[in-house]
Amino acid sequence: ERQTANGQRNGNRSFLEEEGCLVIYVGIVNHEEELSLLLRRVLAETMSRLGKSMGCFSYENSYTFFNEWRRGQRHFDILLMNVSLLEEGTLEAARQVKEAFPDTEIVLLAKNDNLALQAFQLGVRHYLLLPTTEAAVKEAVLRCVRGMEGNWQRKILVKSGTTWQLVPLAEL
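Treat the numbers as computed from the prediction; the structure is a model and nothing was measured.

## Quick word on the overall build of the protein chain
The helix and strand tally for the protein chain stands at six helices and seven strands. Start at the N end of the protein chain and walk to the C end: the helices and strands fall as α-β-α-β-α-β-α-β-α-β-α-β-β. For the protein chain, buried positions account for 44% of its 172 residues. Residue pairs at least 24 apart in sequence account for 58% of intrachain contacts in the protein chain once pairs closer than 6 positions are excluded. Element-wise, carbon and sulfur atoms account for 48% of the exposed surface of the protein chain, whose accessible area totals about 9300 Å².

As structure tokens, then:
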């Protein structure tokens with residue numbers, strides 16, 4: 001199920017077909033309900049203010065996320081991953097996502113900064129310490145969107161039949 005930036009649900013229909021615009025797909029990998037609510041609320045408010053459409057999917061742990069992602073069921077533009085529960089599994093999932101999709105913006109959330117160096121070496125955009133604040137989440141999301149927009153300047157949106165695809169200009 002997808003959620004637009006203003007919180008409306010949209011079953012399985014494609015946002016590209018329905019709204020004629022680019023959708024930012026966000027994955028939240030987190031086991032803490034209160035934190036998930038904060039992340040979803042800040043994401044929805046920020047994307048709405050930026051005029052962006054968003055599809056948001058949540059996973060309770062990195063193994064659930066990783067299994068679905070590896071089967072090719074999801075590709076995310078932004079991933080927010082809580083590493084508090086399964087540090088090694090979350091870092092491995094982040095590594096493989098960045099390897100397969102280098103443009104994916106990743107934000108790690110952790111109770112301490114023990115993994116910060118490893119995270120940044122993997123290409124993580126932001127590292128938030130828990131508990132976090134609404135302002136810190138908003139800053140991380142804005143950094144991710146700015147990073148994505150920088151990547152978009154090197155790509156072109158192409159429609160083929162009924163599907164849309166971002167194609168790097170270097171590949172044309």
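Now that the structure is up, let's keep going.
## Examining the environment of Asp113
Residue position: Asp113 is located in the loop between β4 (105-110) and α5 (116-122). On a C-alpha basis, the gap between Asp113 and Leu130 in space is 9.7 Å, while along the polypeptide they are 17 residues apart. For Asp113, the contacting residues outside a window of four places in its chain are Tyr127 and Leu129.

## A closer look at a nonpolar patch on the surface
Together, Leu22, Leu157 and Trp164 make up a nonpolar patch on the protein surface, roughly 220 Å² of accessible area in all. Checked against the element boundaries, Leu157 lands in strand β6 (residues 155-160).

## Remarks on helix α4 (residues 87-100)
Given a rise of 1.5 Å per residue, 14 residues ought to cover 20 Å, and the 20 Å separating the end C-alpha atoms of α4 matches this to within 8%. Buried within α4 we find Gly89, Thr90, Leu91, Ala93, Ala94, Val97 and Lys98. The elements touched by buried residues of α4 are α3 (62-70), β3 (78-82), β4 and α5.

## With respect to unusual backbone geometry
Only a minority of non-glycine residues have a phi that is not negative, and only a minority of peptide bonds are not trans. Going from Leu130 to Pro131, the amide bond is cis rather than trans, its omega being -5°. Mapped onto the fold, Pro131 is located in the loop between β5 (126-129) and α6 (134-152).

## So, helix α2 (residues 33-50)
Along its 18 residues, α2 runs 26 Å from first to last C-alpha, staying within 8% of the 26 Å computed at 1.5 Å per residue. Looking only at α2, the buried set comprises Leu35, Ser36, Leu38, Leu39, Val42, Leu43, Ala44, Thr46 and Met47.

## A few points about the sheet that holds β3
Taken in spatial order, the five strands line up as β2-β1-β3-β4-β5 in an open sheet, and their pairing is parallel. Edge positions in the sheet fall to β2 (53-59) and β5, since each of these pairs with one other strand and no more. Looking at each pair of strands side by side, their axes are set apart by 15° on average, direction ignored. Where β3 meets β4, five bridges bridge the pair, whose relative direction is parallel. The residue of β4 that forms the bridge with Leu79 is Ile106. Relative to the sheet, α3 contacts β1 (23-29), β2 and β3, its axis offset from that of β2 by approximately 120°.

## A word on the side chain of Asn82
Inspection of the secondary structure puts Asn82 in strand β3. Classification of Asn82 as buried rests on a relative accessible area of 4%. One polar contact links Asn82 to Glu32, side chain to side chain, over a distance of 3.5 Å. With near-sequence residues (within four places) excluded, Asn82 lies in contact with Val29, Asn30, His31, Glu32, Leu35, Thr90, Leu109 and Leu130.

## Comments concerning the pattern of salt bridges
Within this structure, the stated rule accounts for six salt bridges. Measuring nitrogen to oxygen at the nearest pair gives 2.9 Å for the salt bridge that ties Lys52 to Glu149. In this pair, Lys52 sits in the loop between α2 and β2 while Glu149 sits in helix α6, placing the two residues 97 residues apart along the sequence. Residue class for Glu149 comes out partly exposed when judged on its relative accessible area of 29%. Taking the shortest distance from any N to any O, the salt bridge between Glu92 and Arg95 comes out at 2.6 Å. Of the two residues, Glu92 and Arg95 both sit in helix α4, three residues apart, roughly one turn of that helix. The class of Arg95 is partly exposed, set by a relative accessible area of 30%. Residues joined in a network through salt bridges with shared partners are Arg41, Glu45 and Glu134.

Rules used throughout
- In every chain, residue numbers begin from 1 and rise along the written sequence.
- pLDDT decides what is reported in this predicted model: residues at 70 or higher carry local features, side-chain atom pairs at 80 or more are listed and counted, and totals for whole chains, interfaces and linings draw on all residues regardless.
- Remark: hydrogens and water are excluded; side-chain values derive from all non-hydrogen atoms of the structure.
- Helix and strand assignments follow DSSP, with helices taken as H or I runs no shorter than four residues and strands as E runs no shorter than two, numbered in order from the N terminus.
- Relative accessible area decides the class of each residue, using a 1.4 Å probe on protein chains only: under 20% of the type maximum gives buried, over 50% gives exposed, and in between gives partly exposed.
- The contact criterion used is simple: two residues touch if any of their non-hydrogen atoms lie within 4.5 Å.
- For accessible areas, the Shrake-Rupley method is used with a probe of radius 1.4 Å. Any residue's cover is judged against the shown protein chains and nothing else.
- A patch consists of residues exposed above 30% relative accessible area that lack any salt bridge, with like charges linked at up to 9 Å and nonpolar side chains (Val, Leu, Ile, Met, Phe, Trp, Tyr) linked at up to 5 Å.
- Just to be clear on terms, a salt bridge is a Lys or Arg side-chain nitrogen sitting within 4 Å of an Asp or Glu carboxyl oxygen.
- Given the number of residues in a helix, its expected span is that number minus one, multiplied by 1.5 Å.
- For two strands to count as paired, DSSP must find a minimum of two bridges between them.
- Each axis is a line fitted through C-alpha atoms, and for a helix only the stretch in contact is used; angles between axes span 0 to 180 degrees, taken between their N-to-C directions.
- Nitrogen and oxygen atoms within 3.5 Å of one another constitute a polar contact, given that in protein one can donate a hydrogen and the other can accept it, and given that sequence-neighbouring residues count only through two side-chain atoms.

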